[in-house]
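Now for the letters of each chain:
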Amino acid sequence: MKTEIVLEDILKNLTDAAYDRYIIKSDDVVTRDLFDTKLMGVMVERPSRIIEKFWSLYEESPKAATDAFYQFSQDTDYIRTYRVKKDMKWKVNSPYGEIDITINLSKPEKDPKEIAAAKNAKQSAYPKCQLCIENEGYAGRMNHPARENHRIIPITIQGNPWGFQYSPYVYYNEHCIVLNGAHVPMKIDRNTFEKLFDFVRQFPHYFLGSNADLPIVGGSILTHDHFQGGHYEFAMERAEIEKEIVIPGYEDVKAGIVHWPLSVIRIQSEDEKRLIDLADHILKAWREYTDEEAYIFAQTDGEPHNTITPIARKKGNVYELDLTLCNNITTEECPLGLYHPHNEYHHIKKENIGLIEVMGLAVLPSRLKKEMEELAECLVNEKPVDEKEELKKHAAWVQEFTKKYDDINEKNVMDILKEEIGQVFVKVLEDAGVYKCTKEGREAFDRFISIL
């Protein structure tokens, strides 16, 4: 704790001095980050030394290697722990288990001057994106973060060069990113499952998952092949099998439908090759599957809609793969996606439901922190919520949930807001499920299972 405070203070004082002495020309967050990252970069050992230490510790155990590298990534200020600690985090109970909620405050908000500066900055195609290997040691610019204090561990996946690093925003414990050494787009196919298990074999204490490869149901970066993993147990992992299934030809593989708001098939075996074969079979069937009664279309006007979000892990001697069925079709009523947060929940969550949300962790926009504080003031003082422009979007929701509470006061108002925000996220997850947790929804799910 002391180290973090000292590091933050030292960098602040040095950056203040740089601005006072005209070494940096602006005092905005982006310029300050570019400068203090340059300072830290001077003190970080060259990549070859970090790589050598990692693999030396790996001989002791994979966990020893990742523990040390995770601490290193914090010590170098690549992971700004003093910012990450600002994130608001809590849990809510749901019919599907305990769900994680976080409001992301560690990614600094840009002010209008910074946005203008980024727009006016000289455009560059290097690095091609923030997941490219070339980011290691990169000085950064107004529209691309500095990474001089960043190190990537080279690993081999399916005989090809990949990189292993941590996310600077760590949404959960040891939030890592495994990235392709080449700038190639995301694609979910048999190779995806082979890559996931290749990594899990090498780092059995980590799970690894992939965002879907289509817009709306995919992640924010579809242009660079990558996975996300870490050392954390999500609610989806804890969710139980609600119905066991047997798939012909794969009777030796344990399979079932998971009790989860999204539509998840879980398969388990001590032989990961059997899981890869079965996952490929399920993926190919889902890609081509149409069920008009359930409003699931494999494609419309030549545009494909069906894909999968896979998550691989190892428990003891058993390999496990969760396959989340996704569909990105849009309608006139739901132009952002039918299996996407619906309009009535956009005041809380409008963004895509990516891998992290699929597993049961809400990453909510930073604006909610201020809006929660303003809502709390209105509720305690019995002021109309719609009098404030930025709160109007919450008015119908507030009117509905306040009926459940006899007394809202200064002591309980924030707990009430956290609970209600969490319950909205549960509804958002239910919206994202192609097969609802209803009699009709499960019957439709069974129709797909039957064609396997």
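Here the structure is a predicted model, which is why all the values come from computation and not from measurement. (Residues numbered from 1 in each chain as written. Predicted model: local features only at pLDDT ≥ 70, side-chain atom pairs only at ≥ 80, totals over all residues. Heavy atoms only, no water.)

Engineer: I keep staring at the packing of aromatic side chains and nothing clicks. Help me out?
Structural biologist: Aromatic ring pairs: the centre-centre distance and the angle between the two ring planes describe each pair. A complete count under the given rule lists 32 aromatic pairs for this structure. Their ring planes at 40° and their centres at 6.0 Å tell us that Phe 69 and Phe 164 sit as a pair that is tilted. On the criterion of sequence distance, the pair formed by Phe 69 in helix H4 (residues 62-75) and Phe 164 in strand E4 (residues 160-166) is long-range, its members being 95 residues apart. Both residues of the pair, Phe 69 and Phe 164, belong to the buried class. Of the aromatic side chains, those joined through ring pairs into one cluster are Phe 54, Trp 55, Tyr 58, Phe 69, Tyr 70, Phe 72, Phe 164, Tyr 166, Phe 199, Phe 203 and Tyr 206. (Phe/Tyr/Trp six-rings, centres within 6.5 Å; stacked < 30°, edge-to-face > 60°. Helix = DSSP H or I, 4+ residues; strand = E, 2+ residues; numbered from the N terminus. Buried < 20%, exposed > 50% of the residue type's maximum accessible area, 1.4 Å probe, protein only.)

Engineer: Help me understand the nonpolar core, please; the structure alone is not making it clear to me.
Structural biologist: One broad trend across soluble globular proteins is that nonpolar side chains are buried collectively. Core analysis: the largest hydrophobic core is formed by 66 residues, its most contacted members being Phe 164, Phe 199, Ile 267, Leu 321, Tyr 435 and Phe 448. With eight residues, the single largest contributor to this core is helix H9 (residues 272-287). Beyond its immediate sequence surroundings of up to four residues, Tyr 435 is in contact with Pro 261, Ser 263, Trp 286, Tyr 289, Ala 294, Ile 296, Leu 325, Gly 441, Arg 442, Ala 444, Phe 445 and Phe 448. Of all hydrophobic cores here, the second largest spans 53 residues; its members include Phe 207, Ala 239, Val 258 and Ile 356. (Core = buried A, V, L, I, M, F, W, Y, C linked by side-chain atoms within 4.5 Å. Contact = heavy atoms within 4.5 Å.)

Engineer: Explain the side chain of His 394 to me, please; I cannot follow it from the model alone.
Structural biologist: Residue placement: His 394 occurs in the loop between helix H11 (367-380) and helix H12 (395-401). Residue His 394 is classed as buried on the basis of its relative accessible area, which comes to 0%. Ignoring anything within four residues of it in the chain, the contact list for His 394 reads His 347, Ile 348, Arg 367, Leu 368, Glu 371 and Leu 375.

Engineer: Honestly, the side chain of Arg 32 in this entry has me stumped. Any pointers?
Structural biologist: By secondary structure assignment, the location of Arg 32 is in helix H2 (residues 29-43). The exposure class of Arg 32 is buried, given its relative accessible area of 16%. Among the polar contacts listed, one links the side chain of Arg 32 to the backbone oxygen of Lys 12, at a separation of 3.4 Å. In contact with Arg 32, not counting residues within four places along its chain, are Lys 12, Thr 15, Asp 16 and Asp 27. (Polar contact = N/O pair within 3.5 Å; in protein donor to acceptor, adjacent residues only side chain to side chain.)

Engineer: Which parts of the structure should I look at to understand unusual backbone geometry?
Structural biologist: Of all residues except glycine, most have a negative phi; of all peptide bonds, most are trans. Tyr 126 connects to Pro 127 through a cis peptide bond whose omega is -15°. Here Asp 77, not a glycine, exhibits a phi torsion of approximately 70°, which is positive. Here Asp 77 lies in the loop between H4 and helix H5 (81-84). By relative accessible area, which is 2% here, Asp 77 ends up buried. Of note, the phi angle at Gln 158 is positive, near 55°, even though the residue is not glycine. Take Gln 158: its relative accessible area is 32%, and that puts it in the partly exposed class.

Engineer: Even after reading the chapter, I still don't get the pairing of strand E10 (residues 264-269), so can you show me in this structure?
Structural biologist: Along any regular strand, the residues point their side chains to alternate faces of the sheet. Here E10 lies mainly inside the structure; six of its six residues are buried. With burial as the criterion, each face of E10 is covered, one bearing Val 264, Arg 266 and Gln 268 and the other bearing Ile 265, Ile 267 and Ser 269. Note: strand E9 (residues 254-258) against E10, four bridges, orientation antiparallel. Within E10, the residue paired with Ala 255 across the bridge is Ile 267. Counting the residues between successive antiparallel strands, the hairpin from E9 to E10 contains five residues. By the bridge criterion, six bridges tie E10 to strand E14 (residues 318-327) in an arrangement that is antiparallel. Among the inter-strand pairings, Gln 268 is bridged to a residue of E14, identified as Glu 320. (Pairing = 2+ DSSP bridges.)

Coordinates in, geometry out; function isn't part of it.
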